[in-house]
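Chain by chain, the residues:
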Amino acid sequence: MAVEGSLSARKPASQDVENQPLIPSPMNTTILTSMNTTDPLTSARDSQSKPTNDDPPPKPGVITSMGLKVLALLAFQNAFKNILMRFVMKDHAGFLLSTAVIVVELLKLFFSVGYIVLVLKQSPFTVVTFIRSDWKNTLLLVVPATSYSLQMTLEYIAMANIDPASFSVLVQMKMLTTALFFRTILKRRLMKKQFMSLVVLTVGVMLCSMKTGEEVEDKIGNKRLGIAATLGIACSSGFASVYTEKVIKTARKTSNVSREGEFGLVHMQAQLAIVSLVILGMYAFIQDFDMIMSNGFFHNYNAAAFCSSLNSAVGGLIVAAVLKYADSVLKGYATAISVVLTGVSSNILFGTELSLFYGMGIVNVIIAVLLYNSSGLDEFLC
């Protein structure tokens, strides 16, 4: 959850937490950002009073040189992921989706352990120690891990049936689903800027979905299935956000496991990857057992599919870097840039028709993303 405004001259922590209206940004960072042991406002204030060897946290809306590089990398990675997945899936590749998603999680675990060994100079067995000492919260990760695994599977289904430009716009509906889940389940009120951004987002998505009489219908794929899969991603993301906020974050506050010094964000990434691998392994065994036994686990899994999995895994590392060097305001800019890059690249590489309606819609979506993640704007609204 992003910390908005100055952290100085705040109310007591209990009042801040109780009256906090801000809904976390429903990006893939949701699970990791909500896995802290303390409330973000409290931890931010504590970090000012305690010395630390880490880089100072970025001020909201202020970007460092490293933050700019990371956000640019995130924007290009998101756009490249959409284009690459469409290239892999446009001819309905015959590999098992469970295979692709398992490879993503294996690569994430490999990179996380590599970072622990090479950068942190710690033993890889610290991951085991972390999971054993934090076993209760490891069990709680089953739900968001399942949700995230479902999202990755649905991404492949969506990209097999709709173009990247449409996907990059429709998937932003996760802002709306997250807001609805937080309002109905957690009884959190929407900030004015967020309500306005969701209205603008809805209009933008409707405009992007409109067709002109001159447009030719894409014969490749089932567009309704692609749209349904994309909306499924949005709903799953929203639910994972609520679950993480309500259950996991509460449990982390009372956890006795120290996050300072020995354990850090990379250990949480490894923890989440291991839980996801268990869930995905069970799914593959139940759903694709006969196919795996007859054709092999990597049947039709080619180099392009591996590159897609590798790109998704690298995206997880970039997200972790964004959490350290940037805030939700700047992540909103990266998301907006990736939407534009995806639309333009889809037009160049796949001949996707970008109509006037799409142009108007994408402007709305970009404004909605930036407005949703803006800092300090709510106090100026009536």
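Residues numbered from 1 in each chain as written. Predicted model: local features only at pLDDT ≥ 70, side-chain atom pairs only at ≥ 80, totals over all residues. Heavy atoms only, no water.

Here we take up the packing of aromatic side chains. The tally for this structure, following the rule as stated, stands at eight aromatic pairs. With a centroid separation of 4.9 Å and an interplanar angle of 65°, the aromatic rings of Phe 285 and Phe 289 are classed as edge-to-face. Using a relative accessible area of 55% as the deciding quantity, one classes Phe 285 as exposed. Joined through ring pairs, the aromatic side chains of Phe 95, Tyr 156, Phe 297, Phe 298 and Tyr 301 make up one cluster. (Phe/Tyr/Trp six-rings, centres within 6.5 Å; stacked < 30°, edge-to-face > 60°. Buried < 20%, exposed > 50% of the residue type's maximum accessible area, 1.4 Å probe, protein only.)

The subject of this paragraph is a nonpolar patch on the surface. Together, Val 278, Met 282, Phe 285, Ile 286, Phe 289 and Met 293 make up a nonpolar patch on the protein surface, roughly 670 Å² of accessible area in all. Going through the elements one at a time, helix H13 (265-287) and helix H14 (289-295) are the ones with two or more residues in the nonpolar patch. It is H13 that provides the largest number of residues to the nonpolar patch, a total of four residues. (Patch = residues over 30% accessible without salt bridge, like charges linked within 9 Å, V, L, I, M, F, W, Y side chains within 5 Å. Areas by Shrake-Rupley, 256 points an atom, 1.4 Å probe, with all protein chains shown as cover. Salt bridge = Lys/Arg side-chain N within 4 Å of Asp/Glu carboxyl O. Helix = DSSP H or I, 4+ residues; strand = E, 2+ residues; numbered from the N terminus.)

Burial of nonpolar side chains together is a common tendency in soluble globular proteins. Core analysis: the largest hydrophobic core is formed by 62 residues, its most contacted members being Phe 95 and Leu 201. Of all the elements, helix H5 (residues 97-118) adds the most residues to this core, at eight residues. With sequence-adjacent residues up to four places away left out, Leu 201 is seen in contact with Gln 172, Met 173, Met 175, Leu 176, Val 365 and Ala 368. Formed by seven residues, the second largest nonpolar core is a distinct cluster that contains Leu 71, Ala 75, Val 322 and Ala 334. (Core = buried A, V, L, I, M, F, W, Y, C linked by side-chain atoms within 4.5 Å. Contact = heavy atoms within 4.5 Å.)

Trans is the prevailing form of peptide bonds, just as negative phi is the prevailing case for residues other than glycine. Here Lys 121, not a glycine, exhibits a phi torsion of approximately 60°, which is positive. Turning to its location among the elements, Lys 121 is positioned in the loop between H5 and helix H6 (126-133).

Turning to helix H17 (residues 356-372), a few remarks are in order. Its 17 residues place the ends of H17 24 Å apart at the C-alpha level, agreeing with the 24 Å of an ideal helix rising 1.5 Å per residue. Taken together, the buried positions of H17 are occupied by Tyr 358, Gly 361, Ile 362, Asn 364, Val 365, Ile 366, Ala 368, Val 369, Leu 371 and Tyr 372. (Expected span 1.5 Å × (residues − 1).)

The next point concerns the environment of Ser 197. Residue placement: Ser 197 occurs in helix H11 (residues 192-209). Taking relative accessible area as the criterion, Ser 197 reaches 0% and is therefore assigned buried. Each C-alpha atom of the pair Ser 197 and Asn 364 lies 9.0 Å from the other, and the pair is 167 residues apart in sequence. The contacts of Ser 197, once residues within four sequence positions are left out, are Ala 368, Leu 371 and Tyr 372.

This paragraph deals with H11. Side chains that are three or four residues apart share a direction in an α-helix, a result of its 3.6 residues per turn. With 18 residues, H11 should reach 26 Å at 1.5 Å per residue; the first-to-last C-alpha distance of 26 Å fits that figure. Buried within H11 are the following residues: Lys 193, Gln 194, Ser 197, Leu 198, Leu 201, Gly 204, Val 205, Leu 207 and Cys 208. Packing partners of the buried residues in H11 comprise helix H9 (164-170), helix H10 (174-184) and H17.

Looking at where Leu 71 falls in the secondary structure, it is placed in helix H4 (residues 65-89). Through-space distance from the C-alpha of Leu 71 to that of Thr 335 is 9.1 Å; in sequence the pair is 264 residues apart.

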